[in-house]
Amino acid sequence: MEEPDTEPPLVVVPGADPSARQLCFAWGPAEVLVCETRFGRADAGEGAPGSSRVFVVRRDQDIYIQTLRKLFNESHGIFMGLQRSEEELAGKSRKAQLVQVSKNYRSVIRACMEDMHQAAVSTRDPALQGQYSTQVSILSAMELIWNLCEILFVEAAAAGLLLLRLLDWVRLHVCDVDSMVREVLSSENPSKHKLFWNVVDVFVLQGRMDEARHLLSKEVTANPTSMNMYKILDDLMKKMPMPSLGNTQTLTELELKWQHWHEECQRFLQDGTFASNPHMESICKILVGDEDAILEKKELMTTWYHFLVTRLLYSHPTVKPMELRFYAQSSMDLFLGGESSPEPLDMILMAAFEFEMHQVIKECSIVLSNWWFVAHLTDLLDHCKLLQSHNLYFGSNMREFLLLEYASGLFSHHSLWQLGVDYFDHCPEFGRVYLELHIERIPLNTEQKALKVLRICEQRQMHEQVRSICKIMAMKALRNNRLGSALSWSIRAKDAAFATLISDRFLKDYCERGCFSDLDLIDNLGPSMLLSDRLTFLGKYREFHRLYGEKRFPEAARLLLTLMTAHIAPCSFWMTLLTDALPLLEQKEIIFSAEQTYELMRCLEDLTAGNVDKQKFQEDDVETTKVEMLRLALARNLARVIVKEGTVEGS
């Protein structure tokens, strides 16, 4: 997968005119931003004035189709189950498990295809109808390719069983005749219906002998003269040897029986047994594997791979897997006959028949419109131990590269990014690096989404991303003046500087309003208050108010004094603390001891002694009044304490 075989297609951005203005662009993880500049083209003169437009070009548009959500969501569960499956299962048990996983993937594709078809039928919008029809075709091709890969690579069907699986594949995916059968059987005279022999031929081409014989019996009822030919043909169809799942016969025995049956069919054909009935003669020619006779039914088979399976059924029913490539190439050449060139789907199927797994993945990566298919198919093949030897030249193996691409696309969606996390988890080499880069780009529109992203990061010990998310949410909350939320996020981020900033905002609000907001948060800071000195002060200052409210004045007084003497409180807040001490100084009961009162006096003098503060207190009458009231209260309290202590000592 070094380089694509073809040049990438030109993407036209509707509305952008590169001939009038120069365009600039910026690559993102899953999209490209294209914007118009104010500069005109060199050959077009100066750019026209006006506003510039920005275009978002997404590389994986399918993830935005609502009806494909089922495909992404349900396949995620299958993927995770496969990663968790018991690796110790070996041999047949492991193969059966992997085949079941493959069938589960196919059932999701088919369910999604049916939903898309229903949406196409029910919509009245022609544009939407076209979009849905295109998606139905893509999903149908995906299931076709996946089923063939399941037969050839996952199940690795051996000779004999291989043909049975290919017949089931053709019946499921190619030339659906159910509607034709219903139309024929519902008519008054089925054998006279214009499509009667077409239906019989299709049944024979697909090896559905019982159904073909049932229809032929209706021909005999209507035309008794053909009874003898019918009995011979019916007997030949009934006796046709076929490999079966429960049959214990060897391939050699099957080949011998088939050879005898084939010679018998040729004998009746050479004897001219069916010469009078061209339809029955044509069927007998198909039974002997006449390629010209089979090719005459080209319109009924519609595809070269249907022709391939029919050709194998009647010429080489015990074909071995490694022989398929020769039959496949010649069948495609015969069927197309030079009239048309192979489509991309034909080349993918041919690569599968040639057992070129890497070519299948490469072609699908180029042709299909998203990474879902190649990512999940490659993961399954990797679990089958089929891709172990193929490493890419830039470090990662093919499985991881495709899973990383798919998961990166999911991260551009507003909700599917959660699925992408699990895909990155199962990419051992580069998954964590990709996850770290992508998770930082998730827009954190709500706190609920932020908490979800945070939980993902915490579970994976992505500490740097945890801090980044918390800082972003804290800043958003601060801008919206939601201080409680901002403080909570900053504590979670363990950001001491930001916690200090928010604590200052709390204290400023308190000074302006006289009360605290978000009391529940501040009351329950616990050990988190030790994150920064300012946060510690905020928590302890709130505790002082709580003690004061509970009339536990001695404890409140000791805490208030500690906040000042231990220099936990910012100097700018000392006047507020000293003012809070006033009611305690005026209490009838003495709260502050003489030593504590001296400490308060020293704090007051330290506060007013500074040159800046001294000038402020001299110019501000309110502040001067506060200082005088504090000095008076402290002097009175000291006098009361001295009298009380002297009385106690004297007694």
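Residues numbered from 1 in each chain as written. Predicted model: local features only at pLDDT ≥ 70, side-chain atom pairs only at ≥ 80, totals over all residues. Heavy atoms only, no water.

Looking at an unreviewed UniProt entry, the chain carries the name Nuclear pore complex protein Nup85, with the source organism given as Pipra filicauda. One UniProt comment on the chain, placed under Subunit (unreviewed entry), says "Component of the nuclear pore complex (NPC)." Turning to the chain, the UniProt annotation filed under Function (unreviewed entry) states: "Functions as a component of the nuclear pore complex (NPC)." (UniProt positions renumbered as here; feature names shortened; annotations may be inferred.)

Draft legend 1. How the structure looks around the overall build of the chain. From N to C terminus, the chain includes 31 helices and three strands. Counting all 651 residues of the chain, 47% fall into the buried class. A separation threshold of at least 6 residues defines the contact pool for the chain, and within that pool the share at least 24 residues apart is 63%. Working note: accessible area of the chain is about 33,300 Å², and carbon and sulfur atoms make up 52% of it. (Helix = DSSP H or I, 4+ residues; strand = E, 2+ residues; numbered from the N terminus. Buried < 20%, exposed > 50% of the residue type's maximum accessible area, 1.4 Å probe, protein only. Contact = heavy atoms within 4.5 Å. Areas by Shrake-Rupley, 256 points an atom, 1.4 Å probe, with all protein chains shown as cover.)

Draft legend 2. Looking closely at the packing of aromatic side chains. Per the counting criterion, the structure on display carries 21 aromatic pairs. Aromatic pair Trp 169 and Tyr 305: ring centres 5.6 Å apart, planes at 40 degrees, arrangement tilted. Note that Trp 169 is positioned in helix H4 (residues 161-173) and Tyr 305 in helix H13 (residues 304-315), a separation of 136 residues in sequence. On the numbers, 6.0 Å between centres and 75 degrees between planes, the contact of Trp 169 with Phe 353 is edge-to-face. Here Phe 353 lies in helix H15 (residues 344-353) and Trp 169 lies in helix H4, a separation of 184 residues in the sequence. Pair check on accessibility: Trp 169 and Phe 353 agree, each one buried. Through a chain of ring-to-ring contacts, the aromatic side chains of Phe 72, Phe 79, Tyr 406 and Tyr 423 assemble into a single cluster. (Phe/Tyr/Trp six-rings, centres within 6.5 Å; stacked < 30°, edge-to-face > 60°.)

Draft legend 3. How the structure looks around the side chain of Arg 460. The residue Arg 460 is located in the loop between helix H21 (447-459) and helix H22 (463-479) in this model. Of the polar contacts made by the side chain of Arg 460, one reaches the side chain of Gln 459; its length is 3.4 Å. Apart from residues lying up to four places away in sequence, Arg 460 is in contact with Val 421, Asp 422, Asp 425, Arg 432 and Leu 435. (Polar contact = N/O pair within 3.5 Å; in protein donor to acceptor, adjacent residues only side chain to side chain.)

Draft legend 4. The arrangement of the layout of surface pockets in detail. Counted as a void, the second largest pocket has a volume near 450 Å³. Lining the second largest pocket we find 23 residues, and of these Arg 110, Ser 140, Leu 172, His 173 and Val 174 sit closest to its centre. Going through the elements one at a time, helix H2 (91-122), helix H3 (126-154) and H4 are the ones with two or more residues in the lining of the second largest pocket. Counting residues per element, the lining of the second largest pocket draws most heavily on H3, which supplies five residues. (1 Å grid on protein atoms, 1.4 Å probe; cavity = no way out; pocket = protein on both sides within 12 Å on 5 of 7 lines; lining within 4 Å. Points joined across faces, edges and corners; volume = space filled by probe spheres on them.)

Draft legend 5. Structural detail: the packing of helix H19 (residues 417-425) against H21. Two numbers describe how H19 lies on H21: the axes approach to 12 Å, and their chain directions differ by 5 degrees. When the axes of H19 and H21 are compared, the pair comes out roughly parallel. Only Lys 449, Lys 452, Val 453 and Ile 456 of H21 make contact with H19, whose side of the interface consists of Trp 417, Gln 418 and Val 421. The class makeup of the residues in the contact of H19 with H21 is four nonpolar, one polar and two charged. (Axes fitted to C-alpha atoms, helices over the stretch in contact; angles between N-to-C directions. Parallel < 35°, antiparallel > 145°, perpendicular 65-115°, else oblique. Nonpolar A, V, L, I, M, F, W, Y, C, P; charged D, E, K, R; others polar.)

Draft legend 6. Local environment of the nonpolar core. Counting 195 residues, the largest nonpolar core has Trp 169, Leu 287, Trp 304, Phe 353, Trp 372, Phe 373 and Tyr 541 as the members making the most contacts within it. Examining the composition of this core, we find that 14 residues originate from one element, H3, more than from any other. When neighbours within four sequence positions are excluded, Trp 372 is seen to be in contact with Leu 71, Phe 72, Ser 75, Tyr 105, Ile 109, Met 142, Trp 146 and Tyr 406. (Core = buried A, V, L, I, M, F, W, Y, C linked by side-chain atoms within 4.5 Å.)

Draft legend 7. Spotlight on helix H5 (residues 178-185). Among the residues of H5, those classed as buried are Met 180, Val 181 and Val 184. Buried residues along H5 cover an arc of 100 degrees about the axis, so they all sit on one side. Packed against the buried residues of H5 are helix H6 (196-205). (Arc of directions from axis to C-beta.)

Draft legend 8. Here's a closer look at the packing of helix H7 (residues 209-222) against helix H8 (residues 227-239). Where H7 meets H8, the closest approach of the two axes is 10 Å, and the angle between their N-to-C directions is 175 degrees. In this view, H7 runs roughly antiparallel relative to H8, as classed from their interaxial angle. Contacts between H7 and H8 involve Met 209, Ala 212, Arg 213, Leu 216, Ser 217 and Val 220 from the former and Met 227, Tyr 230, Leu 233, Asp 234, Met 237 and Lys 238 from the latter. In terms of residue class, the contact of H7 with H8 is built from eight nonpolar, one polar and three charged.

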